[in-house]
Amino acid sequence: MCGIIGIVGNQAVTDRLIEGLKRLEYRGYDSAGIAIMENAVSGSVLSRRRAEGKIHNLVERVAKEPVDGNLGIAHTRWATHGIANENNAHPHFAGRVGLVHNGIIENFTQLRDGLKKVRKFQTQTDTEVVAHLIDEAMKNGASAQEAFAKTIGQLTGAFALGVVIEGEDQQLFAARRGSPLAIGLGDGENYIGSDAIALASLSQKIIYLEEGDWAVLTTDSVKIFDADNAPVERPITMVSGSLAAAEKGNYKHYMLKEIYEQPETVGRTLTHYIDAFNHRVKTPEELELETLDFKNLERVTLIACGTAAYAAYVAKYWFEQLADLPTDVDIASEFRYRRPALSQNSMAIAVSQSGETADTLAALRYCQKKGLKTAALVNQMTSTMARESDYAMPINAGPEIGVASTKAFTSQLTALLSLAISSGVQRGHIDKKRETELTDALTQIPRLITETLALEPEIETLAHDLSKTENAFYMGRGVHFPLALEGALKLKEISYIHAEGYAAGELKHGPIALIEEGTPVVVIAPYDELFEKTVSNMQEVATRGAKITLITDEKGAAHTAGMAHATLVCPETQSESAPIVYAIPIQLLAYHAAVHLGTDVDQPRNLAKSVTVE
Ligand code: F6R
């Protein structure tokens, strides 16, 4: 989604703004721009440079037409209203005002109609009207601050804004409603950014604006006001140095780096939820979730989007099998509009890497309104979901920069399995012996992931083959059914090969009609209690010409010798924790298919990392 960065500084800002934009690239975008307050002889002048496509296009533009000054805003745009071209790129200008925006102004048509007689609009965006409103208010006598406050009061929808105004050379205005925005505190300078990653090279002292807050920044002050325009203080958070370390290192892509980080990131998740020394899950008290009570809960509702939703689908099997706890999984964008029947004695858990996904956040708020207890399982503990829910639970995967989620997925699974075990223990469904067995199996996962990563050369060869196809299928049973969905999603989002995931038993109810000679089918089947059934389904498609890649373990390979075109042999894994290990080959398969096809792996077309619009 769109990214914002702004600096009110004591030295030149252009290079630093562009550096900040590069840190925001991971969010996904299709144009970029900067606006700088240049100190011309006759007074300050606002100048902008914008370019369609990648940031290097903007860098080239700035090299040809240099611009610099001590105050500026910059933006990466992910198009919603109006196509992705230079004209629609931010910053938008109106009179003295330069503005960047993330989110959607829902009432922009009405506002625009109201101004049509006095204003000429240059773009197709929902954003431009906001710049006009501020400028018009100033023309009608309001000060810059009054005009800004008045304008945001007129807007409906979700937005984060950064604004600079000609004649106000020392002021940077910011507002946050629905879309995240952070303030960074510097030495004789202050900053705004969509997240702490954007600000990593500038500041580690971060203030997260709260819902409805707006702010006026100068070089030596930050004044924050709440939605009622009353001055407020917000806490300063020291962000860890690891954010600054969100670099690619020696890896070709962030995605590959993040795939390889998984032994460590899953280990970090485990350290949070498991007491490995005593072979048990941590108690709610130890997790600082004192009142979290699974024992008396009637139902859990897991809400998420995309990959996070697939992690939630896997968790449904775990909560039901390990804790006898009825569990629903809902795609967040469907949840709140279908008016779900919610039982009061249930808890909603939002699963989200970013903690900012607009649909998941809206669903979480819906549950809160209906009186449910809410929890957020997030990677960003400073995110809106973490702050607004009753229980904030981290996955501790560290910054995930590749748009396609990998390490956040395995950490989500790890945390959800730990929570399912914990609820099983609390509900008396798991005895001490079983708890020991399950937690011991969990502690093996980082090692098993390392062993599975060693399959990369084999997977790379298979991926070359896969990259030649136009359609692929993934299938699995039980906890490996959602993993099949995730495998297909990974492949399509980064390689653009059409792929579908199915419950293995479901193909013969329709999709098998698509199988013909050579159709690739990836079968996820460790040697567990469902193995024989999955193999029968595998044979049904193999008989019809499917080219099978079987992902299994040694026992599975021994039982299927000669049946598959290729067999990837993962280490033997205890059945509950298997999906965390089996996620690795499906990630590597998609990664290498995409690399072979030469796509933009870390920023696939049309996709955004943090989807802050509905
Ligand atoms: C796919 C992917 C997306 C996200 C989804 C939810 O690889 O990353 O499907 O999982 O947009 O995002 P979060 O987890 O931030 O709520």
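Residues numbered from 1 in each chain as written. Predicted model: local features only at pLDDT ≥ 70, side-chain atom pairs only at ≥ 80, totals over all residues. Heavy atoms only, no water.

Structural notes on the domain arrangement of the chain
So, point 1. Domains assigned within the chain are domain 1 (3-241), domain 2 (244-443) and domain 3 (450-601).
So, point 2. Once you take the C-alpha centre of each, domain 1 and domain 3 turn out to be 45 Å apart. (Domains from an automatic or database assignment.)

Comments concerning the sheet that holds strand β25 (residues 520-524)
So, point 1. The parallel open sheet is built from 5 strands, whose spatial order is β24-β23-β25-β26-β27. Single-partner strands in this sheet number two, and they are β24 (498-503) and β27 (566-569). Taken over all neighbouring pairs, the strand axes of this sheet differ in orientation by 15 degrees on average, direction set aside.
So, point 2. Alignment of strand β26 (residues 547-552) against β27, held across 4 bridges, turns out to be parallel. Across the sheet, the residue bridging to Thr-549 is Ala-566, located in β27. (Pairing = 2+ DSSP bridges. Helix = DSSP H or I, 4+ residues; strand = E, 2+ residues; numbered from the N terminus. Axes fitted to C-alpha atoms, helices over the stretch in contact; angles between N-to-C directions.)

Thoughts on the site of the ligand
So, point 1. If you check the shell around the ligand, you find 13 residues, and the closest are Ser-352, Gln-353, Ser-354, Thr-357 and Glu-493.
So, point 2. Gln-353 is positioned such that a nitrogen or oxygen atom in its backbone is 2.6 Å from an oxygen atom of the ligand.
So, point 3. Here an oxygen atom of the ligand sits 3.4 Å away from a polar atom, N or O, in the main chain of Val-403.
So, point 4. Of all the secondary structure elements, the ones that give two or more residues to the shell around the ligand are α9 (306-323) and α16 (480-495).
So, point 5. If one sorts the elements of the shell around the ligand by residue count, α9 sits on top with 3 residues. (Near = heavy atom within 4 Å. Polar contact = N/O pair within 3.5 Å; in protein donor to acceptor, adjacent residues only side chain to side chain.)

What to know about the sheet that holds strand β11 (residues 205-208)
So, point 1. Taken in spatial order, the 8 strands of this open sheet run β3-β2-β4-β1-β10-β9-β11-β15, and their pairing is antiparallel. Each edge of the open sheet is held by one strand with a lone partner, namely β3 (43-52) and β15 (237-238).
So, point 2. For strand β2 (residues 31-40) and β3, the ladder comprises 10 bridges, and the chain directions are antiparallel. In the strand pairing of β3, Asn-39 is matched with Ser-44.

A closer look at the pattern of salt bridges
So, point 1. Evaluated as defined, the whole model comprises 32 salt bridges.
So, point 2. Between Arg-119 and Asp-135 there is a salt bridge, and its shortest N-O distance comes to 2.9 Å. Here Asp-135 lies in helix α4 (residues 128-139) and Arg-119 lies in the loop between α3 (108-115) and α4, a separation of 16 residues in the sequence. (Salt bridge = Lys/Arg side-chain N within 4 Å of Asp/Glu carboxyl O.)

Concerning the pairing of strand β23 (residues 471-476)
So, point 1. Counted residue by residue, β23 has 5 buried out of 6 residues, so it is predominantly covered.
So, point 2. Note: β23 against β25, 4 bridges, orientation parallel. Each residue of the ladder has a partner; that of Gly-476, found in β25, is Ile-524. (Buried < 20%, exposed > 50% of the residue type's maximum accessible area, 1.4 Å probe, protein only.)

With respect to unusual backbone geometry
Negative phi characterises most residues that are not glycine, and trans characterises most peptide bonds.
So, point 1. Residue His-90 is joined to Pro-91 through a cis peptide bond whose omega torsion reads 0 degrees.
So, point 2. Within the element layout of this structure, Pro-91 appears in the loop between β4 (71-77) and β5 (92-94).
So, point 3. In the Ramachandran plot, His-279 falls in the positive-phi region, its phi being about 55 degrees despite a non-glycine side chain.
So, point 4. Structurally, the position occupied by His-279 is in the loop between β16 (274-275) and β17 (280-281).

A look at the packing of helix α14 (residues 432-453) against helix α19 (residues 578-597)
So, point 1. α19 packs onto α14 with a crossing angle of 25 degrees between their chain directions and a minimal axis gap of 8 Å. In terms of orientation, α14 and α19 fall into the roughly parallel class. When the axes of α14 and α19 are compared, the crossing they make is right-handed. When α14 is examined against α19, the residues Leu-442, Ile-445, Leu-448, Ile-449, Thr-452 and Leu-453 are found in contact with a partner set consisting of Ile-580, Val-581, Ile-584, Pro-585 and Leu-588. (Parallel < 35°, antiparallel > 145°, perpendicular 65-115°, else oblique. Left-handed = near helix turned anticlockwise from the far one by under 90°. Contact = heavy atoms within 4.5 Å.)

A closer look at empty space enclosed by the protein
So, point 1. What the rule picks out here adds up to 2 cavities of 30 Å³ or more.
So, point 2. The computed volume of the largest cavity comes to approximately 60 Å³.
So, point 3. If you go around the largest cavity, the residues you meet are Cys-2, Arg-77, Trp-78, Thr-80, His-81, His-90, His-101, Asn-102, Gly-103, Thr-125, Asp-126 and Thr-127.
So, point 4. No other element matches strand β6 (residues 97-105), which puts 3 residues into the lining of the largest cavity.
So, point 5. Classifying every residue of the lining of the largest cavity by side-chain character gives 2 nonpolar, 8 polar and 2 charged.
So, point 6. Space inside the second largest cavity adds up to approximately 30 Å³. (1 Å grid on protein atoms, 1.4 Å probe; cavity = no way out; pocket = protein on both sides within 12 Å on 5 of 7 lines; lining within 4 Å. Points joined across faces, edges and corners; volume = space filled by probe spheres on them. Nonpolar A, V, L, I, M, F, W, Y, C, P; charged D, E, K, R; others polar.)

Some details on the nonpolar core
So, point 1. The biggest cluster of nonpolar side chains holds 92 residues, and the ones touching the most others in it are Trp-318 and Tyr-474.
So, point 2. If you tally residues by element for this core, the top one is α19, at 13 residues.
So, point 3. Counting residues domain by domain, this core receives three or more from each of domain 2 (244-443) and domain 3 (450-601).
So, point 4. Once residues lying within four places of it in the same chain are set aside, the contact partners of Tyr-474 are Leu-466, Ala-484, Gly-487, Ala-488, Leu-491, Ala-499, Glu-500, Gly-501, Tyr-502, Val-522, Ile-586 and Leu-589. (Core = buried A, V, L, I, M, F, W, Y, C linked by side-chain atoms within 4.5 Å.)

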